[in-house]
Amino acid sequence: MSVTCKEYYDPDRSMLELVFAPAEEWISRSDADIIEATMKELSKLFPDEIAADQSKAKILKYHVVKTPRSVYKTVPDCEPCRPLQRSPVKGFYLAGDFTKQKYLASMEGAVLSGKLCAQAILQDTHQ
């Protein structure tokens, strides 16, 4: 973050941004509950740097954003409904997080779908 936003640069501090998705079980919980659960999980992942009780890394500021329908919920038998990047219509391609790729609806899914779409176009134009 300090590379793109110079005002965040501080050699003694770090910034961490997390996303819970899908977060159906968390949406009704308090910000304090979410932060507590997050710190517990982070302490398992980074035991040398983070302790759930903040005796190591300390939270100086946080902001919890809750977007109830930001990610679709996966349910059985939905995957076959996601279209491929190469459509049945010649020369018509699809890209987006809704298409068939390994991630849920997300920025990562959209990027991967764009890459898969570009690969399909290249394959079809170089045959």
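What you see is a predicted model; the values in this text were computed from it and never measured.

Examining the side chain of Ser87
Summarising the element assignment, Ser87 is placed in the loop between helix 1 (31-45) and helix 2 (107-125). Within the structure, the side chain of Ser87 is placed 3.1 Å from the backbone nitrogen of Val89, a separation counted as a polar contact. Reaching out from Ser87, the side chain makes a polar contact with the backbone oxygen of Phe92 at a distance of 2.6 Å.

Comments concerning the pattern of salt bridges
What the rule picks out here adds up to seven salt bridges. In this structure, the salt-bridge partner of Lys44 is Glu41, at a minimum N-O distance of 3.9 Å. A residue pair is termed a helical-turn pair when its members lie 3 or 4 positions apart in one helix, as Lys44 and Glu41 do in helix 1 at three residues. Residue class for Glu41 comes out partly exposed when judged on its relative accessible area of 41%.

Examining the state of the cysteines
As used in these notes, a disulfide is a covalent bond between sulfur atoms, one from each of two cysteines. This model, assessed by the stated rule, comprises zero disulfides. No disulfide involves Cys78; its sulfur sits 5.5 Å from the nearest other cysteine sulfur, which is in Cys81. Taking the relative accessible area as the measure of exposure, Cys78 reaches 36% and is therefore partly exposed. Looking at the unpaired Cys117, the closest cysteine sulfur is the one in Cys81, lying at 20 Å.

Definitions and cut-offs
Residues numbered from 1 in each chain as written. Predicted model: local features only at pLDDT ≥ 70, side-chain atom pairs only at ≥ 80, totals over all residues. Heavy atoms only, no water. Helix = DSSP H or I, 4+ residues; strand = E, 2+ residues; numbered from the N terminus. Polar contact = N/O pair within 3.5 Å; in protein donor to acceptor, adjacent residues only side chain to side chain. Salt bridge = Lys/Arg side-chain N within 4 Å of Asp/Glu carboxyl O. Buried < 20%, exposed > 50% of the residue type's maximum accessible area, 1.4 Å probe, protein only. Disulfide = S-S within 2.5 Å.

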